[in-house]
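Coordinate analysis (summary)
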There are 2 protein chains.
Amino acid sequence: MAPIKIGIIGLGATGPTLGPGAWAVAAHLASFTPSPNYEIVAVCNSSVESAQRSIAFHKLPPSTKAYGKPEDIAADPNVDLVVVSVIVTSHHKVAKPVLLAKKQLFVEWPLAASLREAEDLARLAREANVRTIVGTQFRADPAVQKVKELVQGGAIGKVTSTQIQYSPAMGPPDMWMDAAPYYLDFKSGGNEFTIAFGHLLDSFLYVLGDFETVKASLSKQYPIMKLFDMSHGQITNPAVPRTAPDHIFVQGVLQSGAVASINYHRPGALLGKNFRWLISGSDGEIEFTLEGYLQIGNSEREIRIKTVHEPSEVRVVEWKGEMPKHVESVPFPGQNTALVWEAFASGREGVADFEDGVRVHRLLDRIAREAGSPYAEYVEEM
Amino acid sequence: MAPIKIGIIGLGATGPTLGPGAWAVAAHLASFTPSPNYEIVAVCNSSVESAQRSIAFHKLPPSTKAYGKPEDIAADPNVDLVVVSVIVTSHHKVAKPVLLAKKQLFVEWPLAASLREAEDLARLAREANVRTIVGTQFRADPAVQKVKELVQGGAIGKVTSTQIQYSPAMGPPDMWMDAAPYYLDFKSGGNEFTIAFGHLLDSFLYVLGDFETVKASLSKQYPIMKLFDMSHGQITNPAVPRTAPDHIFVQGVLQSGAVASINYHRPGALLGKNFRWLISGSDGEIEFTLEGYLQIGNSEREIRIKTVHEPSEVRVVEWKGEMPKHVESVPFPGQNTALVWEAFASGREGVADFEDGVRVHRLLDRIAREAGSPYAEYVEEM
């Protein structure tokens, strides 16, 4: 197969650190560079000069085109698929011209800054009849794939209940980096609720399906945050009020009939692992634990199962499959993204499309509305 | 101090097994017999003859009075305190004459078959101005006492969230003993929701206080139950529909401001311990786990703590205190009841009174109403 020709919108002239344009470097550039399935042929930044700087910085081939507008990279006949890796508030504006040009499209999660915008992108994608990807890459994690395989293969019979406890590994709960203040702002659409919790929610929906009834308690236990500068660690603002919740407790009955509970809390779990997903069924129970970062791979993961068919034994399930060298070699934090790209190229499981993305947006909206004031009002205003 | 003179209503002529009148034998008789603080002076059963049989069976002193009516044992001037240990549907009817006679009163949990009846008993107790006890003995468990002491002593700072996962050790989730069909019946007032979950709820309220907002998802994952005979284990009815839920997921924000989640699920946890209570705070985290039965003591219990003051260390907390010989010697399942009686006699912590009982009833009612149909309707009809 000829490589898929990629245009990236938002590739910083920077190393794989944190900051504007850096995620595209750490995740996408790191995935494409060793892969035989992809070839970067164009870069689009806020200006042609910025794109040229990035092409030079990353030593991309001189033939790589530099663009300053989404419309221009979308119009490049040599580009098969465009990757949008910019701030979420710009997703809709940047992605729309790509869909109008009928290009395949990858957009980072959150798909858009609001459900309304996300639905509009999904509609445009249906009309363009193009393949889409949304960047909820946790579902490509081989451990998540294995959990899904076990559940759907009937290893524990009919699922009766599921419980997730998740406490992200993100440092002190009252501190945040000053380069990303939107993370504390509910109405930015790119915050702790939509990003950290949304990534988890996508894999939850992927494995167990949607909620029939949903209830939620959202809370800010650390309502006043300290902002710090990533480069030197010093506090740059000692008291910034947050509007995005730092505690997200969701429960309900799934369409399958099982009872579900997903609790997101801070601070990082002091006792035990920081992610634990229990799935109980009529014939057994699965426990999937993870220590470290959730969606970006390379964390310690463990799956244990006990069933009525082998009642005396708790079995640790092997989840690591064979990975192509060009995927396995992608370092943290890019590995799950590399798995998404590998699955996309080979037509395998683990790729979320815009319909999946809209489903997560819709559930986040339901959760916020159900949680009541002030979150229901925020959603109304978005 | 002279021993408190006890009259027991509902003492079976039976060993400490399961069945009518057996709990009073296993818990109360076992607690009173070795204690210097109590003396059984009267027994009341469904008839004077039945009470006489029980007195003889248990080799109580010949001076022990036998009664066939609650009014009669309540009128005995030699009785200081009456213990009511009969089926919950009779609690109100049996307890009321005792309060009218202004005797101290112990009533097993649930305090009554409905919130209305429980409130009426609490009102009568206030009017009689007598000391009362309700049999939610888990709060007397030294491990619960220790958790409360840690939390209220500020060991983890301000409590930000709490999460309980509880899966009772009660055998297959689709089987129940035919001697206690009320356990499957929501409107009996003495079922899995009020008993198994209610016992837990009392200790939750005791340690962390009440809910400001509460949400709940109740479900029957095993709606058709098999009834079996305890004496030979054979199934006596293969298909009895249940109305009481077997899954109780509750969440909300506490009056303290902390976020809370309490999940009760079946079957017994296959992986890990069957009770885990996490309490997270601004300065640390407490994990209280238990393996086995919850409220009746003698289970494996462990408390672990990690705080910002000793950040590198997870510390296992010693919770076993000194116990008087006459308490320590009480075998399973009576030990926590013995601790209640010891605390009552010495005026120490760990005794729930009727006001506490009403608080649990009220929260159970709120939960059922919030969970919606059919539970809200059941409560309305009770």
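All figures in this text were calculated on a predicted structure; none of them were measured in a lab.

Observations concerning the interface of chain B and chain A
Contact with chain B, which involves 46 residues of that partner, is made by 46 residues of chain A. For the pair chain B and chain A, the two sides together bury roughly 3500 Å², of which 50% comes from carbon and sulfur. Three residues stand out in chain B for area buried against chain A, namely Gln251(B), Leu270(B) and Leu271(B), and they jointly supply 21% of the buried area on that side. Close ionic contact of Lys215(B) with Glu370(A) constitutes a salt bridge, the shortest N to O distance being 2.9 Å.

Quick look at the nonpolar core
Counting residues in hydrophobic clusters, the biggest one holds 94 residues, and the most contacted among them are Phe197(A), Ile279(A), Phe288(A), Phe354(A) and Ile367(A). Lining this core are residues from two domains, each supplying at least three of them: domain 1 (4-137) and domain 2 (138-324 + 353-371) of chain A. Aside from chain neighbours lying at most four places away, what touches Phe288(A) is Phe138(A), Ala143(A), Val144(A), Val147(A), Phe275(A), Arg276(A), Trp277(A), Arg301(A), Glu302(A) and Ile303(A). Core analysis: the second largest hydrophobic core is formed by 93 residues, Val84(B), Leu150(B), Met177(B) and Tyr206(B) among them.

Here we look at the packing of helix α7 (residues 193-208) of chain B against helix α10 (residues 354-371) of chain B
Residues and elements named next belong to chain B. The N-to-C vectors of α7 and α10 enclose an angle of 115°; their axes lie 9 Å apart at closest approach. For the pair α7 and α10, the crossing hand works out as right-handed. Taking contact as the criterion, the partners of Phe193, Thr194, Phe197, Gly198, Leu201, Asp202, Leu205 and Tyr206 in α7 are, on α10, Asp356, Arg359, Val360, Leu363, Leu364, Ile367 and Ala368. Residue composition of the contact of α7 with α10, by class: 10 nonpolar, two polar and three charged.

Quick notes on the packing of aromatic side chains
Applying the stated criterion to the full structure yields 44 aromatic pairs over all chains. Arranged with centres 4.8 Å apart and planes meeting at 55°, the rings of Phe32(A) and Trp341(A) form a pair that is tilted. Of this pair, Phe32(A) sits in helix α1 (residues 22-32) while Trp341(A) sits in helix α9 (residues 335-346); the two residues are 309 residues apart in sequence, bridging distant segments of the chain. Here Phe32(A) matches Trp341(A) in class, with each residue buried. Aromatic side chains Tyr166(A) and Tyr264(A) sit 5.5 Å apart centroid to centroid with 75° between the ring planes, which places their arrangement in the edge-to-face category. One end of the pair, Tyr166(A), is in strand β7 (residues 159-166); the other, Tyr264(A), is in strand β13 (residues 259-264), with 98 residues separating them in the sequence. Lying over the aromatic face of Phe344(A), Arg131(A) brings its terminal NZ or CZ to 3.7 Å of the ring centre. Sitting over the face of the ring of Tyr206(B), Lys148(B) holds its NZ or CZ atom 4.1 Å from the ring centroid.

Remarks on the pattern of salt bridges
All told, the structure shown has 36 salt bridges over all chains when counted by the stated rule. Where salt bridges share partners, they join Asp120(A), Arg123(A) and Glu127(A) into one cluster.

Looking at the environment of Val308(B)
Looking at the secondary structure, you find Val308(B) in the loop between β16 (300-307) and β17 (315-317). Taking the C-alpha atoms as reference points, Val308(B) and Gly284(B), separated by 24 residues in sequence, lie 5.8 Å from one another.

Digging into the relation of the copies chain B and chain A
Overlaying chain B on chain A yields an RMSD of 0.0 Å, the required transformation being a rotation through 180° with an accompanying axial translation of 0.0 Å. These values place the two chain copies in the arrangement generated by a two-fold rotation axis. No C-alpha of chain B lies nearer the rotation axis than that of Lys215(B), which sits 3.4 Å from it. Taken together, the interface assignments show that 100% of the residues at the interface of chain B recur at the interface of chain A, consistent with an identical surface on both copies.

Here's the deal with the domain arrangement of chain A
Accessible area lost upon the coming together of the parts is a frequently used measure of interface size. Residues and elements named next belong to chain A. In terms of domain boundaries, chain A breaks down into domain 1 (4-137) and domain 2 (138-324 + 353-371). The centre of domain 1, based on its C-alpha atoms, is set 26 Å off from the matching centre of domain 2. In this assembly, 27 residues from domain 1 lie in contact with 27 residues from domain 2. Each partner contributes to the roughly 2000 Å² buried at the junction of domain 1 and domain 2, and carbon and sulfur atoms together form 69% of this total. Area buried by domain 1 at its contact with domain 2 is led by Trp109, Leu115 and Gln137, which between them contribute 34% of it. Between the two partners, domain 1 and domain 2, sit two salt bridges. In this structure, Glu119 engages Arg362 in a salt bridge whose closest nitrogen and oxygen atoms are separated by 3.0 Å. The interface formed by domain 1 and domain 2 includes 11 residue pairs in polar contact (both at pLDDT 80 or more). Taken together, the elements giving at least two residues each to the side of domain 1 that touches domain 2 come down to β5 (104-108), α5 (115-128) and β6 (132-135).

Here's the deal with the pairing of strand β2 (residues 38-44) of chain B
Residue and element names in this part refer to chain B. Of all seven residues making up β2, six are buried, and the element is well covered by its neighbours. With six bridges joining them, strand β1 (residues 4-9) and β2 adopt parallel strand pairing. What sits directly across from Lys5, in β2, is Glu39. Note that β2 and strand β3 (residues 65-67) share three bridges and pair parallel. Across the sheet, Cys44 pairs through a bridge with Tyr67, a residue of β3. For the crossover from β2 across helix α2 (residues 48-57) to β3, the handedness is right-handed.

Reading guide: rules and limits
Residues numbered from 1 in each chain as written. Chains lettered and ligands numbered in written order. Predicted model: local features only at pLDDT ≥ 70, side-chain atom pairs only at ≥ 80, totals over all residues. Heavy atoms only, no water. Contact = heavy atoms within 4.5 Å. Buried area = accessible area lost by both parts, 1.4 Å probe. Salt bridge = Lys/Arg side-chain N within 4 Å of Asp/Glu carboxyl O. Core = buried A, V, L, I, M, F, W, Y, C linked by side-chain atoms within 4.5 Å. Buried < 20%, exposed > 50% of the residue type's maximum accessible area, 1.4 Å probe, protein only. Domains from an automatic or database assignment. Axes fitted to C-alpha atoms, helices over the stretch in contact; angles between N-to-C directions. Helix = DSSP H or I, 4+ residues; strand = E, 2+ residues; numbered from the N terminus. Left-handed = near helix turned anticlockwise from the far one by under 90°. Nonpolar A, V, L, I, M, F, W, Y, C, P; charged D, E, K, R; others polar. Phe/Tyr/Trp six-rings, centres within 6.5 Å; stacked < 30°, edge-to-face > 60°. Lys NZ or Arg CZ within 6 Å of the ring centre and 35° of its normal. Least-squares fit on C-alpha atoms with pLDDT ≥ 70 in both. Polar contact = N/O pair within 3.5 Å; in protein donor to acceptor, adjacent residues only side chain to side chain. Pairing = 2+ DSSP bridges. Right-handed = clockwise from strand over helix to strand, strands pointing away.

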